[in-house]
Amino acid sequence: MVTVLLPGPLRGEAGGASRLNVTATGTLRAVLDEMAVAHPRLARRIRDERGELRRYVNVFVDGEDCRHSGGLETPVKDGAEVQVLPSVAGG
Amino acid sequence: MATLLAIGTAKGLFLATSTDDRRSWEITGPHFPMTGVYAVAVDTRRSTPRLLAGMTSSHFGPSVATSDDLGASWDEPDQAPVAFPADTGVSLGRVWQLMPAGPDEPDVIWAGTEPSALFKSTDGGRSFELVRSLWDHPHRPQWEAGFGGQAVHTVLPHPRDPARLLVAMSTGGVYRSEDAGASWAPGNTGIRAYFMPDEWPEFGQCVHKVARDAGNPERLYAQNHHGVYRSDDDGRTWSSIADGLPSDFGFPMVAHPGRGGVVWTFPLVADGERFPTDHRCRVFRSTDAGGKWEPLSVGLPEGPFYPAVLRDAMCADDATPGGVYFGTRSGSVFASRDEGDSWSTVAAHLPDVLCVRAAEV
């Protein structure tokens, strides 16, 4: 089981939940793919139609920015915590 | 009967409603706060008008939502309404244009996007499919991006012939279809591209906006990146109608939806000086298809005025007499209920106005 932590602006796409439990493990891609099945609108806020992370969305796996640890292929173990955070952007 | 004015801004959608023949307005919003609303449409072909909004979050990407209760509630599909197929290898930047088709196709909505592409919906704007013929056009690798991005920003269905369709993009220019979008040909003859070595290319022009005449659907008006033009042959060839304007630079071009030959624009000094001409807030109107132009400023700010008006930030409604509206990059929105003769302020201090659309609802 993996816990996905959601930022405030995205909780409305998950029924108001601040965290979701996902059974998939292995890679970040697998976690996000499973999350997309139950929450497709949440998923497309995080990744575009190519499946790539949106430029100003950051995802941390156990505190490590996935962009520095393998991107969507970042290993995710059972019990891991995946945190989605909007980056500092906008005017 | 009420008039609805939808105002897309850099930080959300505002909806202004008037129930006293456009004398006063009540405003709600922002809907979709902190998203750039580059495209909005009021589809009055249905028994219940449908609003469509194309919004883009700088964090969470683009989408399209619809409302069948005049904006009281919005519905956004689970699956992305506009998305590029996997084999294209690209992702949607934003929706620049949402355009209901003609009366013969009540469920068809066209969407122009960044990167430059055309999408078609046959379910009233709930889902869209890429128009492959334009995406696969051999010219596409040579279409360039302007400062605002590479986008199809104008889609003009023909009011009497569903087979005919015109799009315009920056840069790339005008493309026309006479077979319901199965094939496309450039329609830029006569439009100058001063920024290219060959100033009269087949395509590559930076057309800012195109509008279709109400009385004669073969007649079109174009505001170019320097150059104001008219076509009398459905976009095949163009000739200048810039004489009489203080500048041939600007972004919007709006045709009266019911009266032929009437068109409005908002000139800026030049590409390198994007201020209103003479630093004054003035709309210019022609009532003879671009032969002569007159400045309109009664009721508009009188002092020095510097904000620009973007390509979709001017529109007309379908009332009689016609209403005209425009919004500025400084967040002001102005309305005329007498075809531009006089103006009043609808809103001020909004975020940058990106687009406006108005209709009787």
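To be clear, the structure that these remarks concern was listed above.
These numbers were taken from a predicted model, which means no experiment stands behind them. (Residues numbered from 1 in each chain as written. Chains lettered and ligands numbered in written order. Predicted model: local features only at pLDDT ≥ 70, side-chain atom pairs only at ≥ 80, totals over all residues.)

Draft legend 1. A look at the overall build of chain A. When you go through chain A residue by residue, the secondary structure sums to 3 helices and 7 strands. Relative to a compact globule of 91 residues, whose C-alpha radius of gyration would be 12 Å, chain A shows 12 Å and is just as compact. Oriented by its inertia axes, the alpha-carbon framework of chain A measures out at about 35 × 30 × 25 Å. Among the 91 residues that make up chain A, the fraction classed as buried is 30%. (Helix = DSSP H or I, 4+ residues; strand = E, 2+ residues; numbered from the N terminus. Rg over C-alpha atoms; globule rule 2.2 N^0.38 Å. Buried ≥ 20, exposed ≤ 12 C-beta atoms within 10 Å, placed from the backbone.)

Draft legend 2. Spotlight on the nonpolar core. Counting 104 residues, the largest nonpolar core has Ile7(B), Val210(B), Tyr325(B) and Val356(B) as its most contacted members. Formed by 21 residues, the second largest nonpolar core is a distinct cluster that contains Val2(A), Val31(A), Met35(A) and Val76(A). (Core = buried A, V, L, I, M, F, W, Y, C linked by C-beta atoms within 7 Å.)

Draft legend 3. Representation of the environment of Gly173(B) in the model. Residue and element names in this part refer to chain B. Looking at where Gly173 falls in the secondary structure, it is placed in strand β13 (residues 173-177). For Gly173, a count of 26 C-beta atoms within 10 Å puts it in the buried group. Placed 162 residues apart in sequence, Gly173 and Lys11 show a C-alpha to C-alpha distance of 29 Å. In this view, Gly173 contacts Ala168, Pro186, Asn188, Ile191, Phe203, Gly204, Gln205 and Val207; residues no more than four positions away in its chain are not counted. (Contact = placed C-beta atoms within 7 Å.)

Draft legend 4. A look at the pairing of strand β1 (residues 3-9) of chain B. Residue and element names in this part refer to chain B. Here β1 lies mainly inside the structure; 7 of its 7 residues are buried. The side-chain alternation of β1 yields two buried faces, one formed by Thr3, Leu5, Ile7 and Thr9 and the other by Leu4, Ala6 and Gly8. One ladder, built from 7 bridges, connects β1 with strand β30 (residues 353-360); its direction is antiparallel. Each residue of the ladder has a partner; that of Leu4, found in β30, is Ala359. Following β1, the chain reverses through 2 residues before pairing antiparallel with strand β2 (residues 12-18). (Pairing = 2+ DSSP bridges.)

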